Amino acid sequence: MSRTLNTRLTEKLGIEHPIISAPMAFAAGGALAAAVSDAGGLGLIGGGYGNADWLEGQFAAAGNRPVGCGFITWSLAKQPALLEQALAHAPRALMLSFGDPRPFAGAVHAAGAQLICQCQTLAHVGQAIEAGAAVVVVQGTEAGGHGSRRATFTLVPEAADYLAKHAANTVLVAAGGIADGRGLAAALMLGADGVLVGSRFWASREALVPASFHAAAIAAGGDGTVRQSAADIVRGYAWPPEFDARVLKNAFTERWHGRDEELRATAGKLAGEYTAGVARGDAQNAGVFVGEAAGLIHDVPAAAEIVTRLVTEAVALLERKAPGFVA
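Notes on the structure follow.

1. Describing the sheet that holds strand E7 (residues 145-147)
Strands in a sheet are paired, the pairing made by backbone hydrogen bonds, and the direction either parallel or antiparallel.
1) Next: Taking strand neighbours across the sheet as the criterion, the three strands line up as E7-E11-E10 in an open arrangement whose pairing is antiparallel. Each edge of the open sheet is held by one strand with a lone partner, namely E7 and strand E10 (225-228). Taking the axes of each pair of neighbouring strands and ignoring which way they run, one obtains an average angle of 30° across the sheet.
2) Next: Where E10 and strand E11 (residues 244-248) come together, four bridges link them in antiparallel fashion. Directly across from Gln-228, in E11, lies its bridge partner Ala-245.

Next up, the structure:
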């Protein structure tokens, strides 16, 4: 790769490319985080709902690479010791999503890690500023997994304007539906300093994802996803009402989407069946957490190749195509 993109994100995090891999629960382990960091981005281990042994194993898998870690904030509040455990590994950055980051910010700053806060509304951005976030990720509803209702295309420039007025030194990152160089280039034009990429790295060799899930996502495309809460209900996760999750449409969602109360009444009986489906990689009877970017995913390469593609395509667009629009 001969050319790259220099932005405030690359300067803030000391990375070569303005790309962060999302800390996807159960999918973003140490191998994926290490591969993205080795390729010049920043890889984040997904701390998810909190499992100390799993987390320790994934930091070990990452070796001595400069990776970071991300947590679901409302779940972390139930197991705050996990934050200390992660910070003991001297992560490059610590990302907090889906809850108020302010109670945890002091520990992150004291440890010398860069605080990244993922936000779905401008109110969340305000909390991130109060927490002293170095990087704010604004996530659009196109994203896979959990999120809210704002679209990336409007949320990013609105957040850029808000930060310019209230916290000009805070770096902005876009997330949600970004899976190729077109998305990276567009995010920069919208006012972001880089991108956080989930679904595209979910479909990589290093991700902890069954091959059957990858195949189902590639076959489904972007029209084959739905925002729902059924997968959380059957797993027993009490997510805040403002968040639900985008997954592939399948037999499970066909049966239970929109029947939340009925599912709650019987979730205990179905939990074992659901867990077994996940374990055997049954893409019809489990939650396949991938976003609308599934329509832009056609293969499952190494994470380093994904980084290269993103940057090479974006540079080509910005150098050759963008000037052509100006008369």
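2. Let's talk about the nonpolar core
1) Next: Core analysis: the largest hydrophobic core is formed by 93 residues, its most contacted members being Phe-71, Phe-201 and Trp-202.
2) Next: Sorting elements by how many residues they give to this core places helix H15 (residues 303-321) first, with seven residues.
3) Next: Here Phe-201 is in contact with Ile-19, Ile-20, Ser-21, Met-24, Leu-32, Val-36, Ala-207, Ala-303, Ile-306, Val-307 and Leu-310, once residues within four sequence places are set aside.
4) Next: Counting 10 residues, the second-largest nonpolar core is a separate cluster that includes Ala-230, Ala-231, Val-234 and Leu-263.

3. Brief notes about unusual backbone geometry
1) Next: A positive phi angle is found at Ala-90, which is not glycine, with a value near 50°.
2) Next: Among the secondary structure elements, Ala-90 is positioned in the loop between helix H5 (81-87) and strand E4 (93-97).
3) Next: On the basis of relative accessibility, which here comes to 61%, the residue Ala-90 falls in the exposed class.
4) Next: Phi angles above zero are rare outside glycine, and Phe-98 is one such case at about 70°.

4. As for the pattern of salt bridges
1) Next: Considering all chains together, one arrives at 16 salt bridges under this definition.
2) Next: In this structure, Glu-158 engages Arg-150 in a salt bridge whose closest nitrogen and oxygen atoms are separated by 2.9 Å.
3) Next: Classification of Glu-158 as partly exposed rests on a relative accessible area of 33%.
4) Next: A relative accessible area of 27% places Arg-150 in the partly exposed class.
5) Next: Between Arg-227 and Asp-244 there is a salt bridge, with its nearest N and O atoms 2.7 Å apart. Remark: Asp-244 occurs in strand E11 and Arg-227 occurs in strand E10; sequence separation between them is 17 residues. For the pair Arg-227 and Asp-244, one class covers both residues: buried.
6) Next: Residues joined in a network through salt bridges with shared partners are Arg-200, Asp-299, Glu-305 and Arg-309.

5. Notes on the packing of helix H2 (residues 30-38) against helix H3 (residues 52-62)
1) Next: Two numbers describe how H2 lies on H3: the axes approach to 7 Å, and their chain directions differ by 35°. The handedness of the crossing between H2 and H3 is right-handed. On H3, the residues touching Gly-30, Ala-31 and Ala-34 of H2 are Gln-58, Ala-61 and Ala-62.
2) Next: Split by residue class, the contact of H2 with H3 holds four nonpolar, two polar and no charged.

6. Considerations on the sheet that holds strand E6 (residues 135-139)
1) Next: What the eight strands build is a closed barrel, ordered E1-E2-E3-E4-E5-E6-E8-E9; its pairing is parallel. On average, adjacent strands in this sheet sit at an angle of 25° to one another, irrespective of strand direction.
2) Next: Two strands pair when backbone bridges link them, and strand E3 (residues 68-72) and E4 are joined in this way by four bridges, in the parallel orientation. Paired with Ile-72 across the strands is Ser-97, a residue of E4.

7. Some points on the packing of aromatic side chains
1) Next: Here the structure, examined in full by the defined rule, presents nine aromatic pairs.
2) Next: With a centroid separation of 5.2 Å and 75° between ring planes, the pair formed by Trp-74 and Trp-239 is classed as edge-to-face. Within this pair, whereas Trp-74 is found in helix H4 (residues 73-76), its partner Trp-239 is found in the loop between helix H12 (230-235) and E11, the two being separated by 165 residues in sequence.
3) Next: Among the residues examined, Trp-74 registers a relative accessible area of 15% and is labelled buried.
4) Next: Here the aromatic residues Phe-26, Tyr-49, Trp-74, Phe-98, Tyr-237, Trp-239 and Phe-243 are joined through ring pairs into a cluster of three or more.

Calculation rules
Residues numbered from 1 in each chain as written. Predicted model: local features only at pLDDT ≥ 70, side-chain atom pairs only at ≥ 80, totals over all residues. Heavy atoms only, no water. Pairing = 2+ DSSP bridges. Helix = DSSP H or I, 4+ residues; strand = E, 2+ residues; numbered from the N terminus. Axes fitted to C-alpha atoms, helices over the stretch in contact; angles between N-to-C directions. Core = buried A, V, L, I, M, F, W, Y, C linked by side-chain atoms within 4.5 Å. Buried < 20%, exposed > 50% of the residue type's maximum accessible area, 1.4 Å probe, protein only. Contact = heavy atoms within 4.5 Å. Salt bridge = Lys/Arg side-chain N within 4 Å of Asp/Glu carboxyl O. Left-handed = near helix turned anticlockwise from the far one by under 90°. Nonpolar A, V, L, I, M, F, W, Y, C, P; charged D, E, K, R; others polar. Phe/Tyr/Trp six-rings, centres within 6.5 Å; stacked < 30°, edge-to-face > 60°.

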